[in-house]
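Tertiary structure, described
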Amino acid sequence: MSEMRVIGIRVEQPQNQPVLLLREAGGERYLPIWIGQAEATAIVLEQEGVTPVRPLTHDLIKILIADLGHTLEEVHIVDLKEGTFYADLVFENEVRISARPSDSVAIALRVGCPIYAAESVLEEAGLVMPDEREDEVEKFKEFLESVSPDDFKATDS
């Protein structure tokens with residue numbers, strides 16, 4: 001497992017599809033994950049420090065976890081099957097709950113726990129972007145111009 005950092009949300013044009021971009025904390029691989037608009041909004045609001053008047057779903061989950069006396073210790077992005085990513089919420093005593101990576105990341109940002117990606121996921125979908133001197137936003141824009149969700153679908157090889 002490699003620890004990942006949330007770079008942010010970008011919108012792929014012309015489909016207007018949000019993409020969550022993670023970067024390997026101790027490496028140079030990026031992991032793009034196409035996500036839904038609601039989850040993208042939840043991630044952006046948390047990154048920007050915006051507190052809604054009423055809790056969003058991910059805020060409510062954070063409250064439930066704490067009020068029930070549990071601790072979300074880590075998020076693991078564990079698999080990629082037929083273009084769909086899978087994640088686990090890892091609680092104390094190694095209790096695991098399967099969840100979508102987009103929801104898992106939104107919750108992880110709220111509780112402040114680390115996010116990890118399995119090596120097999122990074123090998124299949126991780127990307128090394130050229131020219132490390134460019135800032136991350138410009139590299140990601142170039143990447144989005146050359147890739148589509150179909151590039152991450154499993155093949156029968």
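What comes next concerns the included structure.

How each quantity is defined
Residues numbered from 1 in each chain as written. Predicted model: local features only at pLDDT ≥ 70, side-chain atom pairs only at ≥ 80, totals over all residues. Heavy atoms only, no water. Helix = DSSP H or I, 4+ residues; strand = E, 2+ residues; numbered from the N terminus. Buried < 20%, exposed > 50% of the residue type's maximum accessible area, 1.4 Å probe, protein only. Areas by Shrake-Rupley, 256 points an atom, 1.4 Å probe, with all protein chains shown as cover. Salt bridge = Lys/Arg side-chain N within 4 Å of Asp/Glu carboxyl O. Pairing = 2+ DSSP bridges. Axes fitted to C-alpha atoms, helices over the stretch in contact; angles between N-to-C directions. Parallel < 35°, antiparallel > 145°, perpendicular 65-115°, else oblique. Left-handed = near helix turned anticlockwise from the far one by under 90°. Contact = heavy atoms within 4.5 Å. Nonpolar A, V, L, I, M, F, W, Y, C, P; charged D, E, K, R; others polar. Arc of directions from axis to C-beta.

Details of the overall build of the chain
Counting secondary structure elements, the chain contains five helices and eight strands. Written out in order from the N terminus, the α and β elements of the chain read β-β-β-α-α-β-β-β-α-β-α-β-α. In the chain, buried positions account for 41% of the 157 residues. Surface summary for the chain: the accessible area is close to 8,700 Å², and the carbon and sulfur share equals 49%.

Description of the pattern of salt bridges
According to the stated counting rule, one finds ten salt bridges in the structure shown. Between Asp88 and Arg96 there is a salt bridge whose closest N-O contact spans 3.4 Å. In this structure Asp88 comes out as buried when scored by relative accessible area, which is 15%. For Arg96, a relative accessible area of 40% gives the class partly exposed. In this structure, Asp103 and Arg100 form a salt bridge, with 2.9 Å as the shortest nitrogen-oxygen distance. For Asp103, a relative accessible area of 18% corresponds to the buried category. We classify Arg100 as partly exposed; its relative accessible area is 45%.

Here's the deal with the pairing of strand E4 (residues 72-81)
Strand residues, when the strand is regular, have side chains that alternate between the two faces of the sheet. In terms of strand pairing, E4 meets strand E5 (residues 84-91) through eight bridges, oriented antiparallel. For Leu72, the partnering residue across the bridge sits in E5 and is Phe91. Between the end of E4 and the start of E5, which pair antiparallel, lie two residues, with Glu82 showing a positive phi angle near 50°. Where E4 and strand E7 (residues 115-117) come together, three bridges link them in parallel fashion. Counted as the bridge partner of Val75 is Ile115 from E7.

Quick notes on the packing of helix H2 (residues 57-67) against helix H3 (residues 101-111)
H3 packs onto H2 with a crossing angle of 60° between their chain directions and a minimal axis gap of 9 Å. The pairing of H2 with H3 is recorded here as oblique in orientation. H3 is crossed by H2, and the crossing has right-handed handedness. Where H2 abuts H3, its residues His58, Asp59, Ile61, Lys62 and Ile65 lie against Asp103, Ala106, Ile107, Arg110 and Val111. Looking at the contact of H2 with H3, its residues break down into five nonpolar, one polar and four charged.

Here's the deal with H2
Those residues of H2 that fall on the buried side of the exposure criterion are His58, Asp59 and Ile65. Looking down the long axis of H2, one finds its buried residues gathered within 125° of arc, a one-sided arrangement. When the buried face of H2 is taken as reference, the exposed residues oriented beyond 90 degrees from it are Thr57 and Asp67. Positioned one or two residues after H2, Gly69 has a phi angle of 80°, which is positive.

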